[in-house]
Amino acid sequence: MNPSSCTSRQKPLKSKIDALKWANSLLEDYNLCLKILSIVLKRDKSYVLAHINEKIKEKDLKKFKEIVKKLKNGIPLGYILKEETFY
């Protein structure tokens with residue numbers, strides 16, 4: 001087995017920072033990624049940032065990935081969350 005092939009595999013997402021980095025690589029909007037993660041975890045952004053190295057539960061990670069993938073495919077966040085934002 002070629003050692004370089006091992007490094008090309010995507011490392012599993014285990015912590016909040018890993019999840020944010022992955023989402024940001026797709027969406028290229030760190031603030032949006034942080035907002036989504038805080039919604040999924042039902043915590044405010046400051047809590048998420050203060051505990052950024054904590055592991056993320058598998059069910060939360062799955063939900064986070066689903067939302068990010070839908071956003072990447074062009075579905076508006078309001079549709080995904082089934083809510084509207086009014087200004």
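The rules we used
Residues numbered from 1 in each chain as written. Predicted model: local features only at pLDDT ≥ 70, side-chain atom pairs only at ≥ 80, totals over all residues. Heavy atoms only, no water. Helix = DSSP H or I, 4+ residues; strand = E, 2+ residues; numbered from the N terminus. Areas by Shrake-Rupley, 256 points an atom, 1.4 Å probe, with all protein chains shown as cover. Salt bridge = Lys/Arg side-chain N within 4 Å of Asp/Glu carboxyl O. Buried < 20%, exposed > 50% of the residue type's maximum accessible area, 1.4 Å probe, protein only. Contact = heavy atoms within 4.5 Å. Core = buried A, V, L, I, M, F, W, Y, C linked by side-chain atoms within 4.5 Å. pLDDT = per-residue confidence, 0-100. Axes fitted to C-alpha atoms, helices over the stretch in contact; angles between N-to-C directions. Parallel < 35°, antiparallel > 145°, perpendicular 65-115°, else oblique. Left-handed = near helix turned anticlockwise from the far one by under 90°. Nonpolar A, V, L, I, M, F, W, Y, C, P; charged D, E, K, R; others polar.

Asker: Looking at this structure, how should I read the overall build of the protein chain?
Answerer: The secondary structure content of the protein chain amounts to six helices and zero strands. Counting from the amino terminus, helix and strand elements in the protein chain follow one another as α-α-α-α-α-α. Approximately 6,600 Å² of the protein chain is accessible, and the part contributed by carbon and sulfur atoms is 51%.

Asker: Could you clarify how one ought to interpret the pattern of salt bridges in this entry?
Answerer: Two side chains bearing opposite charge may form a pair once their charged atoms approach each other closely. By the definition in use, this model includes one salt bridge. A salt bridge links E54 to K16; the shortest N-O distance between them is 2.9 Å. Note that E54 is positioned in the loop between α4 (45-50) and α5 (58-72) and K16 in helix α2 (residues 16-27), a separation of 38 residues in sequence.

Asker: Explain the environment of N53 to me, please; I cannot follow it from the model alone.
Answerer: The topology assignment puts N53 in the loop between α4 and α5. Residue class for N53 comes out exposed when judged on its relative accessible area of 63%. Sequence separation between N53 and D18 is 35 residues, and the spatial gap between their C-alpha atoms is 8.4 Å. Apart from residues lying up to four places away in sequence, N53 is in contact with S15 and I17.

Asker: So what exactly am I meant to see when it comes to the nonpolar core here?
Answerer: For soluble globular proteins, the rule of thumb is that nonpolar side chains tend to be buried together. I36, L37, F64, I67 and L71 are the most contacted members of the largest nonpolar core, which has 22 residues in total. Within the residue set of this core, elements represented by two or more residues are α2, α3 (30-41), α5 and α6 (77-81). Beyond its immediate sequence surroundings of up to four residues, I36 is in contact with L27, F64, I67, L71 and L77.

Asker: For this particular structure, what's the right way to read the side chain of D60?
Answerer: Relative to the elements of secondary structure, D60 occurs in helix α5. Setting aside its immediate chain neighbours within four residues, D60 contacts V40 and L41.

Asker: For this particular structure, what's the right way to read the confidence of the model for the protein chain?
Answerer: Atom-level detail of predicted coordinates should not be read off regions where pLDDT is low. Taken over all residues, the pLDDT of the protein chain has a mean of 87, while the share at 70 or more is 83%. The low-confidence segment residues 1-8 (pLDDT under 50) makes two contacts with residues lying over four places distant or belonging to another chain.

Asker: Please clarify how the environment of K35 should be interpreted in this entry.
Answerer: Note on placement: K35 falls in helix α3. Apart from residues no more than four positions distant in its own chain, K35 is found in contact with K45 and L77.

Asker: Mind showing me how you'd approach the packing of α2 against α3 here?
Answerer: The relative placement of two packed helices is expressed as an angle between their axes plus a distance between the axes. Taken N-terminus to C-terminus, the directions of α2 and α3 make an angle of 135 degrees; their axes are 9 Å apart at the nearest point. Taken together, the axis directions place α2 and α3 in an arrangement best described as oblique. Classified by chirality, the crossing of α3 by α2 is right-handed. Residues K16, L20, A23, N24 and L27 of α2 touch α3, and the partners they reach there are Y30, L32, C33, L34, I36, L37 and L41. Of the residues in the contact of α2 with α3, the class split is ten nonpolar, one polar and one charged.

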